[in-house]
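For reference, the chains in residue letters:
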Amino acid sequence: MGIMPSNPELGLASMYRVIKKSGADRVSDDAADELRKVLEDVAEKIARQAVELSVHAGRKTVKSEDVHLASKNILKL
């Protein structure tokens, strides 16, 4: 996993909500923080590949299809 940035991009409160919406009655601080780390790592990989796809297509703008294709590749969907 990548190095955790000093200023996380994703909010911790959102992680609690995601886990609770998935059925948890209670969520530990460590669980919410770990989910944030994992999601930020995956998001960074997807974003990096989406940028590569847009550059390969000769564009400076990353489009939704770049993100979609990158996510399918990274997540093997």
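Residues numbered from 1 in each chain as written. Predicted model: local features only at pLDDT ≥ 70, side-chain atom pairs only at ≥ 80, totals over all residues. Heavy atoms only, no water.

Chemist: Any details on a nonpolar patch on the surface? Residues and values, ideally.
Modeler: A cluster of nonpolar side chains, namely V51, V55, V62 and V67, defines an oily patch on the protein surface of about 300 Å² accessible area. Residue V62 is classed as partly exposed on the basis of its relative accessible area, which comes to 37%. (Patch = residues over 30% accessible without salt bridge, like charges linked within 9 Å, V, L, I, M, F, W, Y side chains within 5 Å. Areas by Shrake-Rupley, 256 points an atom, 1.4 Å probe, with all protein chains shown as cover. Salt bridge = Lys/Arg side-chain N within 4 Å of Asp/Glu carboxyl O. Buried < 20%, exposed > 50% of the residue type's maximum accessible area, 1.4 Å probe, protein only.)

Chemist: Got a sec to walk through the packing of helix α1 (residues 12-21) against helix α2 (residues 29-56)? Specific residues and values, please.
Modeler: Where α1 contacts α2, the two axes come as close as 9 Å, and the packing angle between them is 105 degrees. Comparing their axes, α2 and α1 come out roughly perpendicular. In this structure, α1 contributes L12, M15, Y16, V18 and I19 to the contact, and α2 contributes D29, A31, A32, D33, L35, R36 and L39. (Axes fitted to C-alpha atoms, helices over the stretch in contact; angles between N-to-C directions. Helix = DSSP H or I, 4+ residues; strand = E, 2+ residues; numbered from the N terminus. Parallel < 35°, antiparallel > 145°, perpendicular 65-115°, else oblique. Contact = heavy atoms within 4.5 Å.)

Chemist: Pulling in residues and values, what's your account of the environment of V27?
Modeler: Note that V27 resides in the loop between α1 and α2. Here the alpha-carbon distance between V27 and V67, two residues 40 residues apart in the chain, equals 30 Å. With residues up to four places along the chain from it excluded, the contact list for V27 reads Y16, I19, K20 and A32.

Chemist: Can you break down the packing of α2 against helix α3 (residues 64-75) residue by residue, with the values?
Modeler: α3 packs onto α2 with a crossing angle of 125 degrees between their chain directions and a minimal axis gap of 8 Å. It follows that α2 is oblique to α3 by the angle criterion. Of the two possible hands of crossing, α2 and α3 adopt the one that is right-handed. On α3, the residues touching V42, K45, I46, Q49, A50, L53 and S54 of α2 are D66, V67, L69, A70, S71, N73, I74 and L75. A class-by-class count of the residues in the contact of α2 with α3 yields 9 nonpolar, 4 polar and 2 charged. (Left-handed = near helix turned anticlockwise from the far one by under 90°. Nonpolar A, V, L, I, M, F, W, Y, C, P; charged D, E, K, R; others polar.)

Chemist: So what about the pattern of salt bridges? Which residues, and what values?
Modeler: Under the criterion given, the structure shown has 5 salt bridges. Note that R59 and D66 form a salt bridge whose closest N and O atoms lie 2.8 Å from each other. By relative accessible area, D66 is classed as buried at 5%.

Chemist: Tell me what's going on with the side chain of R36, and back it up with residues and numbers.
Modeler: Within the secondary structure layout, R36 lies in helix α2. Polar side-chain contacts of R36 include one of 3.1 Å to the side chain of D33. (Polar contact = N/O pair within 3.5 Å; in protein donor to acceptor, adjacent residues only side chain to side chain.)

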